[in-house]
Amino acid sequence: MDFWRDLIKTRNGKFVLIDTRWTIDAGWETMVFSANKNGEVTNGLDFDCVQYGSKEEAAVGHTEIINKWMKS
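Presented here is an overview of the structure given in this document. (Residues numbered from 1 in each chain as written. Predicted model: local features only at pLDDT ≥ 70, side-chain atom pairs only at ≥ 80, totals over all residues. Heavy atoms only, no water.)

**What about the sheet that holds strand S2 (residues 15-23)?**
No. 1: Read across the open sheet, the four strands follow the order S1-S2-S3-S4; overall the sheet is antiparallel. Each edge of the sheet is formed by a strand with only one pairing partner; in this case those strands are strand S1 (3-9) and strand S4 (41-52). Across this sheet, the average inter-strand angle for adjacent strands is 20°, counted without regard to direction.
No. 2: Pairing between S2 and strand S3 (residues 27-35): nine bridges, direction antiparallel. (Pairing = 2+ DSSP bridges. Helix = DSSP H or I, 4+ residues; strand = E, 2+ residues; numbered from the N terminus. Axes fitted to C-alpha atoms, helices over the stretch in contact; angles between N-to-C directions.)

As structure tokens, this is what we get:
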């Protein structure tokens, strides 16, 4: 798998799209975007961004970001 993508409903009732993928510029990276309930990004600015050194770290980090934003 080359990417992970999840739509999360936050505690305040808003949605964010969490996208983790390999990029040429940054390597493995997770970005969090505002989204609607259909998973469509509503704002191109990222709310959160984390970079990783390996695919394995990115997979773990993706889950950690999901947990972080579900508590937001």
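**Overview of the nonpolar core**
No. 1: In this structure, Trp 4, Ile 8, Val 16, Ile 18, Trp 28, Val 32, Tyr 52, Ala 58, Ile 65, Ile 66 and Trp 69 together form the largest nonpolar core, which totals 11 residues.
No. 2: Element by element, the count of residues in this core is highest for helix H1 (residues 55-70), at four residues.
No. 3: Each residue touching Tyr 52, except ones within four places of it in the same chain, is listed here: Trp 28, Glu 29, Thr 30, Glu 57, Ala 58, Gly 61, His 62 and Ile 65. (Core = buried A, V, L, I, M, F, W, Y, C linked by side-chain atoms within 4.5 Å. Buried < 20%, exposed > 50% of the residue type's maximum accessible area, 1.4 Å probe, protein only. Contact = heavy atoms within 4.5 Å.)

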